[in-house]
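Close look at the chain arrangement
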Amino acid sequence: MRRSVRSSLLLLALASLTIAGCADGTQGAARAPAPRAGGSALAVPGLEGDVTITSDRLGIPAIRAASRQDALRALGVVTARDRLFQLDLLRRSSGGRLAEVLGRDLLPADTRQRLYGVPQAASAILARLPERQRAALDAYAEGVNAYLRSAQALPLEFQKLGYRPEPWRPEDSVLVVLGMFNALSVTEDLERTRTVLTRSLPKSVTSFLLEGTDPYTRALLGAQAPATPPLPAEELRALVAQSRRAQAWRGGVLSAASGAAPVGSNGWAVAGQRTSDGRALLANDMHLELGVPNIWYRAELRYGDSEVAGVVLPGVPMLIVGTNRHVAWGLTSLDGDVMDLVQIEVHPGRPDEYRTPSGWQRFEVAEETIKVRGEPDVTVTAQRTIWGPVAPRPLLGAKVAVRWTALDPEGVDLGLVEMDRARTVEEAASVMNAAGGPGCNVLLADRRGRVAWTVTGRVPRRRGFDGSVSVSWADGRAGWDGYLPPAALPRIVDPPAGFVVNANHRMPLGEGAPALGRDYANGYRAYRITERLREPRKVAEADLLALQLDTQAEFYGFYRDLALRALTDEAVSRRPALAEARRAVKAWDGRADVASVGLPLLDRLRHVLADEVFAAWLGASRAAEPTLELELTDIDTPLQRALDERSAELVPAPEGGWDAFVLAALEKAMAALEQEHGGRPVDQIAWGAVSRVRIAHPLAVTPELAARLNMPDEPLPGCDVCVRLASDSLAASERLVVSPGHESQGILHMPAGQSGDPLSPNYRDQQRAWVDGRPLPLLAGPAAHALTLVPERR
């Protein structure tokens, strides 16, 4: 479910829309030219006074205005100048209008958004926004549209696709926010999996699979760690035997998302008592699917007595992470549970009715017309209940409705825009607790040397159920009673350790704290960060950037030890090819560096074991819901507990028993690696051959276009459980280190560059620093270009 628009766009058959001139200069007039130093002025409707915009050599704008409204108008202008095609794709993706310009391959994505009623939700959310937030959206739209009217020519993508973008509307900004909800807070497949497992497996097995706590999180939680569910050996043996009889353990039961790198982040704040000069420091790197241009846009704004610097989401007029010189803030995905699938009880004799607490009621029905490029329009029928839209897919053969904060006008706002006013960690936490964005952990540091953690986003207040599985709300006993009040959301202020860390793991909240979620990331990253921060030394900005680049991967130590126990002299003498495997595993240096040998084999072994073991355990679940790929956030905790038993009856072991099972998995992993790497022996395959930068432009659908539009495909340190997270196209979308009040020493870099124009020198000029882990300054440098905005004369 958590796929960005880029994943879908890369499936497009757009070869006929080649951008052949993008590498030679022949399309130099494709965009309005960048303003030059000492140069031009642009009239903007609604502007209250002159605004100065300077851009440095990296294209980072520094906006100087008298008011916040004028600064946001200017932000709209420069974002449209540098990212206009991205702006249009983001609103189209969320609003279900991609097929209109990109063709039939995007119809399924559009259909989902329309059936969920996302465009209608955006309009309803906009209508309820507080006046100051609505004014911010209006100002931003005025800036985007001022640029649209003044552009000498449209960006290259519009020319090649043959359409002109519509004017920007305030609800388009809301659509972009809802797109980020889709990336961060969709738990539909997780709830489907939990429901299927609960109804198809013994309770003891479900508890074992879903309620365990990984050893790293357990170490962090200490006495607050929940009890460990017992290993249900007898029930697992029965499931394995059943699958063996049915020959149903050949793999493929888990989704690709199971156990994969999370869409999440690292964040930590270090108090003055632990830094080299008493300043508090914040570090934040947000892990998202990468593309060209990057999802974030760097900006610096000064207006009134406010000065903010950091990154914005194109289309949304507020700083997502950054600093206001008094407080710095960073975000990581909360992995909160803000979506429920409501079982619908359809009337047995009248299929257009369903049961509600007030009796039988008709489904609301609406026809949605989706335009498709080069083809007739497609009409889909959307059904809606009092709880929300009917999901496109049934669950266990029955209809379910989607109750989700993102579709609730009371569940979404743009409260983060008020972070420019916060002066202390307490004030910042209050702003964050009241805001209605996607659920996130918030890390805070202020210029007094203090740090804090809290959460942002609405948290449902459930009655009659805990939200873990799909249940019926028809009799009124189960449901939502609004949201937790901001004051009820947890905080950690001035932690005794002198620092606070979140890496998408379960936080130690104490007795009586509200339940926020359940499908948290493995705690290894948080454990490693905590381990490093506990070292008895003072830290500065460079130290925190070095920690963001940490590639220690002892998480894989379990699979190393498992392999070495099986790779005995006797086993290798019987199967000489396994000598390569033993050499590779012994050569591993415990890291995920480009030159690390052995980790490719251990990583593949992990996935082979998981695929085969879970297939043996979950055959009954697959039979209950054949079309569902089961998604488990944590595959390693139950897998490792079972493998620790060294019992051939708990796994789909062949004849020969336990050791034969492990050796067969090693051979399978070896064969797959060697095939993928041209027959190269596994003890000669370094991690850099597996872990590579893959950052693509959405229209790079041919090798020629990929060479011109994509970032270079090259080795990248890190792994999907490392602090330096790297997993195919998922990695750090930015790295920020800053002390509030000392922004001139701050660090911020990101992949690709500021501009979405392949002809711009700022298209890829930050990529090298990001790959190499070199710091770039947070603040914009000396002006290389300048633009003045002036009020439009009437």
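In short, a report on the structure. Just so it is clear, the structure is predicted and the values come from calculations on it, not from any experiment.

**Regarding the sheet that holds strand β1 (residues 40–44)**
As summarised here, the arrangement of the 11 strands in space is β1-β27-β2-β3-β6-β7-β8-β9-β16-β17-β21, forming an open sheet in which the pairing is mixed. The open sheet is flanked by β1 and β21 (491–493), the only strands paired with a single partner. Strand-to-strand twist across the sheet, computed as the mean angle between neighbouring axes with direction ignored, equals 25 degrees. Sheet strands touched by helix α13 (residues 425–434): β9 (327–333), β16 (440–446), β17 (451–456) and β21. Its angle to β17, the strand with the most contacts, is close to 10 degrees.

**Considerations on the environment of V378**
Take V378: it is sitting in strand β14 (residues 375–384). Those residues in contact with V378, other than ones at most four positions away along the chain, are R104, L107, E368, T369, I370 and V372.

**Brief notes about the environment of E368**
Within the secondary structure layout, E368 lies in strand β13 (residues 364–372). Spatially, the C-alpha atom of E368 lies 5.2 Å from that of V380, the residues being 12 residues apart in sequence. Ignoring any residue separated from it by four or fewer positions in sequence, one finds E368 in contact with R114, Q120, V378, T379 and V380. Of the polar contacts made by the side chain of E368, one reaches the side chain of Q120; its length is 2.8 Å.

**Regarding helix α5 (residues 118–128)**
Residues V118, A121, A122, I125 and L126 constitute the buried set of α5. Each buried residue of α5 lies within a common arc of 135 degrees when the element is viewed along its axis, so the set occupies one face. In this structure, α5 carries A127 and R128 as exposed residues pointing more than 90 degrees from its buried face. Looking at the buried positions of α5, the neighbouring elements they touch are α2 (68–95), α4 (107–115), α6 (131–150) and α8 (170–184).

**Looking at the state of the cysteines**
For the structure on display, the rule yields 1 disulfide. Here C719 connects covalently by a disulfide to C722, the sulfurs 2.3 Å from one another. Taking the torsion about the sulfur-sulfur bond, which here is approximately 95 degrees, the covalent link between C719 and C722 counts as right-handed. Judged by its relative accessible area of 0%, C722 falls in the buried class.

**Quick look at the sheet that holds strand β19 (residues 471–472)**
The 3 strands lie next to each other as β15-β10-β19, forming an open sheet whose pairing is mixed. Both outer strands of the open sheet, β15 (400–404) and β19, are each paired with one neighbouring strand and no more. In this sheet, β15 lies alongside strand β10 (residues 339–343) in antiparallel orientation, the contact comprising 5 bridges. If you follow M339 over to β15, its bridge partner there is W404. Set on the sheet, helix α9 (residues 188–200) makes contact with β10 and β15; between it and β10 the angle comes to about 50 degrees.

**Quick notes on the layout of surface pockets**
There is about 1000 Å³ of room inside the second largest pocket. For the second largest pocket, the lining is made up of 47 residues, of which L210, R506, G517, R518 and Y520 are closest to its centre. At the level of elements, α9, α10 (203–210), α11 (215–221) and α21 (636–644) are the ones that each hand at least two residues to the lining of the second largest pocket. Per-element tally for the lining of the second largest pocket: the top contributor is α10, with 6 residues.

**Notes on the packing of helix α16 (residues 557–566) against α21**
Orientation of α16 relative to α21, taken along the N-to-C sense of each, is 25 degrees, at an axis distance of 12 Å. Comparing their axes, α21 and α16 come out roughly parallel. When you trace α16 past α21, the crossing you get is left-handed. Contacts from F558, Y559 and L562 in α16 reach D636, L639, Q640, L643 and D644 in α21. When the residues that make up the contact of α16 with α21 are grouped by side-chain class, the tally is 5 nonpolar, 1 polar and 2 charged.

**So, the pairing of β17**
Among the 6 residues of β17, 6 are classified as buried, and the element is accordingly described as predominantly covered. Because side chains alternate across β17, one face comprises the buried residues V451, W453 and V455, and the other comprises A452, T454 and T456, equally buried. Inspection of the sheet shows β16 paired to β17 by 6 bridges, in the antiparallel sense. Its bridge partner lying in β17, C440 is registered against T456. Linking two consecutive strands that pair antiparallel, namely β16 and β17, is a turn of 4 residues; a positive phi of about 90 degrees is found at G449 within it. Direction of pairing for β17 relative to β21: antiparallel, over a ladder of 3 bridges. By the bridge assignment, W453 is partnered in β21 with I492.

**Thoughts on the pairing of strand β2 (residues 51–55)**
Here β2 shows a clear split, with V51, I53 and S55 buried on one side and none of T52 and T54 buried on the other. Inspection of the sheet shows β2 paired to strand β3 (residues 61–65) by 4 bridges, in the antiparallel sense. Bridge pairing in β3 links T54 to A62.

**Thoughts on the packing of helix α19 (residues 599–617) against α21**
Across the interface, α19 lies against α21 with an axial gap of 11 Å and an inter-helix angle of 85 degrees. When the axis of α19 is compared with that of α21, the two are roughly perpendicular. Listed contacts from α21 to R606, L609, A610, V613, F614 and W617 of α19 are D636, P638, L639, A642 and L643. Of the residues that constitute the contact of α19 with α21, the class distribution is 9 nonpolar, no polar and 2 charged.

**A short note on the side chain of Q69**
One can find Q69 in helix α2. Taking relative accessible area as the criterion, Q69 reaches 18% and is therefore assigned buried. Within the local environment of Q69, its side chain forms a polar contact with the backbone oxygen of A135, the two atoms lying 2.8 Å apart. Excluding anything up to four places from it in sequence, Q69 contacts E48, A135, A136 and A139.

**Some words on helix α14 (residues 524–533)**
For α14, the tally of buried residues reaches 8 of 10 residues, placing the bulk of the element in the interior. Three or more residues of α14 are buried, namely Y524, R525, A526, R528, I529, T530, R532 and L533. Next to the buried residues of α14 lie α11, β4 (265–270), β5 (281–289), β22 (499–502) and α15 (541–548).

Quick notes on the rules
- Residues numbered from 1 in each chain as written.
- Predicted model: local features only at pLDDT ≥ 70, side-chain atom pairs only at ≥ 80, totals over all residues.
- Heavy atoms only, no water.
- Pairing = 2+ DSSP bridges.
- Helix = DSSP H or I, 4+ residues; strand = E, 2+ residues; numbered from the N terminus.
- Axes fitted to C-alpha atoms, helices over the stretch in contact; angles between N-to-C directions.
- Contact = heavy atoms within 4.5 Å.
- Polar contact = N/O pair within 3.5 Å; in protein donor to acceptor, adjacent residues only side chain to side chain.
- Buried < 20%, exposed > 50% of the residue type's maximum accessible area, 1.4 Å probe, protein only.
- Arc of directions from axis to C-beta.
- Disulfide = S-S within 2.5 Å.
- 1 Å grid on protein atoms, 1.4 Å probe; cavity = no way out; pocket = protein on both sides within 12 Å on 5 of 7 lines; lining within 4 Å.
- Points joined across faces, edges and corners; volume = space filled by probe spheres on them.
- Parallel < 35°, antiparallel > 145°, perpendicular 65-115°, else oblique.
- Left-handed = near helix turned anticlockwise from the far one by under 90°.
- Nonpolar A, V, L, I, M, F, W, Y, C, P; charged D, E, K, R; others polar.

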